[in-house]
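Analysis of the macromolecular model
Listed below are the residues making up each chain.
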Amino acid sequence: MEQKGAQMNQDPFSCSICLDLPKDPVTIPCGHSYCMNCITTHWDEEEKSNRCPQCEQTFSPRPVLEKNTMLAALVEQLKKTGLQAAPADHRYAGPEDVACDFCTGRKLKAIKSCLVCLVSYCEKHLQPHYEVAPLKKHRLVEPSKNLQENICSVDEHKGHDTVSAAAERTERQRELEERRGNIQQRIQDREKDVKLLQQEVEAINHSADKTVEVSEKIFTELIRLLQERSSDVKQQIRSQQETEVSRVKDVQEKLEQEITELKRKDAELEQLSHTEDHNQFLLNYPSLPALSESTHSSSINIRPLRHFEDVTAAVSELIDELQDVLRDSWTNISLKITKVDVLLSEPEPKTRAEFLKYSCEITLDPNTAHSYLKLSEGNRKVTALDQPQSYPSHPDRFTSWWQVLSRESLTGRRYWEVEWRGRGAYIAAACKNISRAGNECGFGRNDKSWALDCHQNSFTFWFNNTATSISVPQSSRVGVYLDHEAGILSFHSISESMTLLHRVQTSFTEPLHAGVWLYICGSSAEFSKL
């Protein structure tokens, strides 16, 4: 029983001001009890003195405080049973909590804030709002440190209409529900999109797996055919080898037999030549057989053949042809792979920051550079000179115009910038198979290249030998954007702002290469590091 008593809730006996067991408990006329010091101090500090902190009943004059002997005895009994009156630490307000405005000393956490009183209350001090009729009408909300922000000053309402918070809340609630409806609809749309994308992922994976499987079978068959042809060539070589060796050995064998027979006859003649009896010599001489006609010429004439070396040359030629076919086919296959674009194309960039997302590093190919062009800065800069450079001969080298192409094959979305200096330069994009000689090889002078002529005072776009003048302020930096799959190629002037100079909409059938054409000594162009 004593243990049960110790577990009894202390709250009914606590002073609602200090929230501790009352010291020198007194009861005021309304029936509520407090520590004598707590209620005296509260009344002294309150602007509206002589008011009960719980029921807010006011007394005039201030009542005389008499000790509540029964409550005092009960408190003493509680102390003897070991009941600790202090609330647990977790009930006290920390720096991040909203504190009860009514608590004195160490404040408890507020559990509600009143929008009418503009005061925050702990559980104890909130009770009147649940018990007193006028207070029950007050609007209670979750504890807030910024209650004053919910109230406008009187001056703020001068000159305009006002509505009640409830009416405004109704309107805002309607707007809120409408916004929530829009959000929920968007969630449904996005979930549907996600489901479609998941289905698309499964389709892509299935298609890719099937294509890999079929491709492997095709390449395996190609390898089998090559191995079969290799075996056929080997078998034919060995068969011809056997035939020719057999023919040679047959002739060799007959010649060796003829040599043996001739040696035998020579021996007989030698023996006859040593016969001392003339009559015997004359008698035996006619009996010697005459030499038979030789089946072969008196000497073997070996024709100056290369034996099987021509076969080696033919196989090497086949390898070169296969490499050319595979290279061209691979470019086509690679292009088909990169053209797999399931999603709708992304919006075309508008700002330089958006273009820079697709920036790529361009390096120039020395094997394509005209002999009067010098490459530097890691093959990113080209300068036109008045003396030729000692480049080795190469089939990809331009020989008519002072042009150079990039090493990189460009597909997908790519962006690069070129800084040009001097009296002029062509900034271009071209196909790999553009001509390397003749007037038709000039960038923009054919249907294999697109070029922007950057002159000191103007811009001109060239394609298929047709010029388009561009009237915009001239700048020394040009940006080029390529969306290979969408067939977009655009040229932009880069200065303090980014200005579109010309935009091409076409269909690219092969990868492009960045290019530069310089036509005046001393001019230069450099691909910027972005």
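An unreviewed UniProt entry annotates the chain as Tripartite motif-containing protein 16-like of Poecilia formosa.

Details of the packing of aromatic side chains
According to the stated counting rule, one finds twelve aromatic pairs in the structure shown. Note on tyrosine 372 and tryptophan 402: the rings are 5.4 Å apart at their centroids and 0° apart in plane angle, and the pair reads as stacked. With tyrosine 372 in the loop between α9 (352–356) and β6 (373–376) and tryptophan 402 in the loop between β7 (381–384) and β8 (403–405), this residue pair connects regions lying 30 residues apart in the sequence. Given the relative accessible area of 26%, tyrosine 372 is considered partly exposed.

Some points on the sheet that holds strand β16 (residues 498–505)
As summarised here, the arrangement of the seven strands in space is β6-β7-β18-β9-β14-β15-β16, forming an open sheet in which the pairing is antiparallel. With one partner strand each, in any of the chains shown, β6 and β16 form the two edges of the open sheet. With strand direction ignored, the average angle separating the axes of adjacent strands in the sheet is 20°.

Overview of the nonpolar core
Counting 38 residues, the largest nonpolar core has Val382, Trp416, Leu452, Val478 and Leu489 as the members making the most contacts within it. Of the residues forming this core, the biggest block, four residues, is contributed by strand β10 (residues 424–431). Not counting chain neighbours up to four residues away, the residues in contact with valine 478 comprise Trp416, Glu417, Val418, Trp420, Ile427, Leu452, Cys454, Phe459, Phe491, His492 and Ile494.

Quick notes on the sheet that holds strand β17 (residues 512–517)
Strand order in the open sheet formed by six strands is β8-β17-β10-β11-β12-β13, with antiparallel pairing between adjacent strands. A strand with exactly one partner marks an edge of an open sheet, and here the two such strands are β8 and β13 (466–470). Neighbour to neighbour, the strand axes of the sheet diverge by 20° on average, direction disregarded. Sheet topology places β10 next to β17; six bridges connect them, and they run antiparallel. Within β17, the residue paired with alanine 429 across the bridge is alanine 514.

Observations regarding the pairing of strand β12 (residues 459–463)
Burial analysis of β12 places four of its five residues in the buried class, which makes it a mostly covered element. Note that strand β11 (residues 449–455) and β12 share five bridges and pair antiparallel. Residue pairing for β12: alanine 451 is matched across the bridge by tryptophan 462. Linking β11 back to β12 in an antiparallel pair, the connection comprises three residues. Inspection of the sheet shows β12 paired to β13 by five bridges, in the antiparallel sense. Its bridge partner being in β13, phenylalanine 461 is matched across the sheet by threonine 468.

Points about the confidence of the model for the chain
Confidence along the chain averages 85 in pLDDT terms, with 87% of residues attaining 70 or more. Mean pLDDT across the elements of the chain ranges from a minimum in helix α1 (residues 2–6), with 39, to a maximum in β8, with 98. Here residues 1–9 scores under 50 on pLDDT; set against residues more than four positions off or in separate chains, the count is five contacts. In this model residues 84–88 is a low-confidence stretch, pLDDT under 50, and it forms ten contacts with partners more than four residues away in sequence or in other chains.

Regarding unusual backbone geometry
Leave glycine aside and you will find that most residues have negative phi; peptide bonds, for their part, are mostly trans. Here serine 60 and proline 61 are connected by a cis peptide whose omega angle stands at -5°. Secondary-structure assignment places proline 61 in the loop between α2 (36–45) and α3 (69–80). Residue asparagine 379 is not a glycine yet carries a positive backbone phi of 65°. Looking at the element boundaries, asparagine 379 is found in the loop between β6 and β7. Residues other than glycine seldom take positive phi values, yet asparagine 464 does so here, at roughly 55°. For asparagine 464, the location among the structural elements is in the loop between β12 and β13.

Brief notes about a nonpolar patch on the surface
Taken together, the side chains of Phe219, Leu222, Leu226, Leu318, Leu322 and Leu326 make up a nonpolar region of the molecular surface, amounting to roughly 510 Å² of accessible area. For the nonpolar patch, the elements supplying multiple residues, two or more each, are α6 (165–273) and α8 (309–338). Take leucine 318: it is sitting in helix α8. Classification of leucine 318 as partly exposed rests on a relative accessible area of 44%.

A short note on the pattern of salt bridges
Summed over the entire model, instances satisfying the criterion amount to 24 salt bridges. A salt bridge links arginine 477 to glutamate 417; the nearest nitrogen and oxygen atoms lie 2.8 Å apart. Placement of arginine 477 in strand β14 (residues 477–483) and of glutamate 417 in strand β9 (residues 413–421) is noted, with a sequence separation of 60 residues between them. Of the charged contacts, one joins arginine 421 and glutamate 419 as a salt bridge, the two residues approaching to 2.9 Å between their closest N and O atoms. Judged by relative accessible area, glutamate 419 falls into the buried class, the value being 17%. Residues joined in a network through salt bridges with shared partners are Glu221, Arg224, Glu228, Arg229 and Asp232.

Calculation criteria
Residues numbered from 1 in each chain as written. Predicted model: local features only at pLDDT ≥ 70, side-chain atom pairs only at ≥ 80, totals over all residues. Heavy atoms only, no water. Phe/Tyr/Trp six-rings, centres within 6.5 Å; stacked < 30°, edge-to-face > 60°. Helix = DSSP H or I, 4+ residues; strand = E, 2+ residues; numbered from the N terminus. Buried < 20%, exposed > 50% of the residue type's maximum accessible area, 1.4 Å probe, protein only. Pairing = 2+ DSSP bridges. Axes fitted to C-alpha atoms, helices over the stretch in contact; angles between N-to-C directions. Core = buried A, V, L, I, M, F, W, Y, C linked by side-chain atoms within 4.5 Å. Contact = heavy atoms within 4.5 Å. pLDDT = per-residue confidence, 0-100. Patch = residues over 30% accessible without salt bridge, like charges linked within 9 Å, V, L, I, M, F, W, Y side chains within 5 Å. Areas by Shrake-Rupley, 256 points an atom, 1.4 Å probe, with all protein chains shown as cover. Salt bridge = Lys/Arg side-chain N within 4 Å of Asp/Glu carboxyl O.

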